[in-house]
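Listed below, chain by chain, are the residues.
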Amino acid sequence: MQELQLRDAKATLSAVIDQAKQGQPSIITRHGRPEAVVLSFEEWQRLSQVPSFGRLLMAAPLEPDDLPARGEGLRDVEL
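Keep in mind that what you see is a predicted model, and the values were worked out from it rather than measured.

(A) Structural context of the overall build of the protein. Secondary structure summary: the protein contains four helices and three strands in total. Expressed along its principal axes, the backbone C-alpha trace of the protein runs to roughly 60 × 40 × 15 Å. Buried residues in the protein amount to 11% of all 79 residues. Contacts spanning at least 24 positions in sequence make up 26% of the contacts within the protein whose residues lie at least 6 apart. Here the protein has roughly 7,400 Å² of accessible surface; of this, 54% comes from carbon and sulfur atoms. Taking the average place of the 9 positive charges on the side chains of the protein and the average place of its 12 negative ones, the gap between the two points comes to 14 Å.

The following block contains the structure:
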């Protein structure tokens, strides 16, 4: 993944987009700090469809007895 300063990315935007379409995203920096990433639209769509961990848990086909009751399995610890 290449890293470009903002002014260089502006000057070569067409080439940056062509590279992103070929699967080579670019990091755009401003004052040496990463600010944005240019990637292909197809890659963005793929990444935006990944469900969150919470949604995966909510969609899990669990029965009430699949999980232990709260408080079970804890042990007493002396500090």
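(B) A look at a nonpolar patch on the surface. A grouping of Phe53, Leu56 and Leu57 is seen on the molecular surface, where their side chains present a nonpolar patch of about 340 Å² in accessible area. If you trace the backbone, Leu57 turns up in helix α4 (residues 53-59). Owing to a relative accessible area of 47%, Leu57 belongs among the partly exposed residues under this scheme.

(C) Layout of the pairing of strand β3 (residues 33-38). When strand β2 (residues 26-30) meets β3, the two strands line up antiparallel, connected through five bridges. Within β3, the position partnered with Ile27 by the bridge is Val37. Between β2 and β3, which pair antiparallel and follow one another directly, the connecting turn spans two residues, one of which, His31, has a positive phi of 55°.

(D) Representation of the environment of Val50 in the model. Along the chain, Val50 turns up in the loop between α3 (41-48) and α4. For the pair Val50 and Arg70, spaced 20 residues apart in sequence, the C-alpha separation works out to 30 Å.

(E) Looking closely at the sheet that holds β2. Strands sit in the order β1-β2-β3 across an open sheet of three strands; the sheet is mixed. On the outer flanks of this sheet lie β1 (2-5) and β3, each paired with one strand and no other. Adjacent strand axes in the sheet meet at a mean angle of 35° when their direction is disregarded. Where helix α2 (residues 13-21) meets the sheet, it contacts β1, β2 and β3, and its direction lies at approximately 160° from that of β1.

What counts, and where the lines are drawn
Residues numbered from 1 in each chain as written. Predicted model: local features only at pLDDT ≥ 70, side-chain atom pairs only at ≥ 80, totals over all residues. Heavy atoms only, no water. Helix = DSSP H or I, 4+ residues; strand = E, 2+ residues; numbered from the N terminus. Buried < 20%, exposed > 50% of the residue type's maximum accessible area, 1.4 Å probe, protein only. Contact = heavy atoms within 4.5 Å. Areas by Shrake-Rupley, 256 points an atom, 1.4 Å probe, with all protein chains shown as cover. Lys, Arg positive; Asp, Glu negative; His and termini not counted. Charge placed at Lys NZ, Arg CZ, Asp CG, Glu CD. Patch = residues over 30% accessible without salt bridge, like charges linked within 9 Å, V, L, I, M, F, W, Y side chains within 5 Å. Salt bridge = Lys/Arg side-chain N within 4 Å of Asp/Glu carboxyl O. Pairing = 2+ DSSP bridges. Axes fitted to C-alpha atoms, helices over the stretch in contact; angles between N-to-C directions.

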